[in-house]
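# Chain and residue survey
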Amino acid sequence: MELACTADTVLRPLAPDDAAALLAVVEADRETFDRWLRWSAPVQSVAAAREFIYAAAAREVEDTGFHWGIWRGEALLGGVPCWSIDPVHHVAELGYWLAATARGGGLAVTATKVAIAHLLRDRGVNRIEFQCRVENEPSRRVAERVGATYEGIRRESHWVGGAFRDHAVYALLARDA
Ligand SMILES: CC(C)(COP(=O)(O)OP(=O)(O)OC[C@H]1O[C@@H](n2cnc3c(N)ncnc32)[C@H](O)[C@@H]1OP(=O)(O)O)[C@@H](O)C(=O)NCCC(=O)NCCS
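One structure accompanies this document, and this report is about it. (Residues numbered from 1 in each chain as written. Predicted model: local features only at pLDDT ≥ 70, side-chain atom pairs only at ≥ 80, totals over all residues. Heavy atoms only, no water.)

A positive phi angle, near 70°, is found at Asp 63, a position not held by glycine. Mapped onto the elements of the fold, Asp 63 is located in the loop between helix 3 (46-62) and strand 3 (66-72). Residue classification places Asp 63 among the partly exposed residues on the basis of a relative accessible area of 46%. Phi is positive for His 90, close to 60°, though the residue is something other than glycine. Examined against the element boundaries, His 90 turns out to sit in the loop between strand 4 (75-86) and strand 5 (91-94). (Helix = DSSP H or I, 4+ residues; strand = E, 2+ residues; numbered from the N terminus. Buried < 20%, exposed > 50% of the residue type's maximum accessible area, 1.4 Å probe, protein only.)

Right, here's the structure in full:
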């Protein structure tokens, strides 16, 4: 599966062979990733990156999520993880991340919009949630730019950077899109 993103980037699921590329992106800006993301801290080796990718592939097989890479040719620029798709309530949760060198150009917004369209159109999702650490202004701006509505704070919802962190919840409904 491959979806067009921008004129020179595509989205396709991370595969086990992408583990070294994923690790390299995380290592290049680990301080930022580990401050904001709930998944990067354990990704300390190619084997750990592969395990992380396997977990996403399992979600894809079960139809409960995915983790797309954002690719320019062979270069991994970022990703759009879908952490869950609830088939009963038709609720999904999306995230996004960019390599340090890929930030500031609108790529996260564009890639997330492609994932939103896919979830609403192809997966029958009605509600898409985003959770950002409350202090993560760039992430909150992306949630707002894709059209999600701020709903409140989930207190100490995730263990990130060695502590339980409050997360701002944003959500977009099918009828908002
Ligand atoms: C969160 C994160 C993905 C946001 O990255 P980003 O570069 O700000 O997001 P985008 O690529 O969508 O770019 C948005 C910026 O590009 C600008 N932009 C938008 N469209 C543009 C375009 N077509 N051309 C040029 N610039 C554009 C916007 O003005 C915005 O800039 P501003 O927010 O400084 O005003 C990034 O900071 C990151 O990866 N952080 C670490 C991981 C993380 O925190 N993930 C979120 C976890 S909840």
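At a minimum axis separation of 8 Å, helix 1 (residues 19-28) and helix 3 run at an interaxial angle of 110°. By the angle between their directions, the pair helix 1 and helix 3 is classed as roughly perpendicular. Residues Ala 19, Ala 20, Leu 22 and Leu 23 of helix 1 touch helix 3, and the partners they reach there are Val 46, Ala 49, Arg 50, Phe 52 and Ile 53. A class-by-class count of the residues in the contact of helix 1 with helix 3 yields eight nonpolar, no polar and one charged. (Axes fitted to C-alpha atoms, helices over the stretch in contact; angles between N-to-C directions. Parallel < 35°, antiparallel > 145°, perpendicular 65-115°, else oblique. Contact = heavy atoms within 4.5 Å. Nonpolar A, V, L, I, M, F, W, Y, C, P; charged D, E, K, R; others polar.)

Attention now goes to the side chain of His 167. With respect to the helices and strands, His 167 occurs in strand 9 (residues 163-173). Setting aside residues up to four positions removed in sequence, His 167 forms contacts with Gln 131, Cys 132, Arg 133, Val 134, Gly 152, Ile 153, Arg 154, Ser 157, His 158 and Val 160.

Once that is clear, we can look at the nonpolar core. By size, the foremost hydrophobic cluster in this structure holds 52 residues, and its most contacted members are Leu 22, Trp 39, Ile 70, Leu 94, Trp 97, Leu 119 and Phe 130. The leading source of residues in this core is helix 4 (residues 107-122), at eight residues. Apart from residues lying up to four places away in sequence, Phe 130 is in contact with Leu 94, Tyr 96, Thr 112, Ile 116, Ala 143, Val 146, Ala 148, Ala 168, Val 169 and Tyr 170. (Core = buried A, V, L, I, M, F, W, Y, C linked by side-chain atoms within 4.5 Å.)

As a matter of local geometry, the ligand sits amid 21 residues, with Tyr 96, Leu 98, Gly 104, Leu 107 and Arg 141 nearest to it. Between the ligand and Arg 103 there is a distance of 3.4 Å, counted from an oxygen atom to a side-chain nitrogen or oxygen. Contact with the protein chains removes 70% of the 950 Å² of surface that the ligand exposes when unbound. Broken down by element, the residue count for the shell around the ligand peaks at five residues, all from helix 5 (residues 137-145). (Near = heavy atom within 4 Å. Polar contact = N/O pair within 3.5 Å; in protein donor to acceptor, adjacent residues only side chain to side chain. Areas by Shrake-Rupley, 256 points an atom, 1.4 Å probe, with all protein chains shown as cover.)

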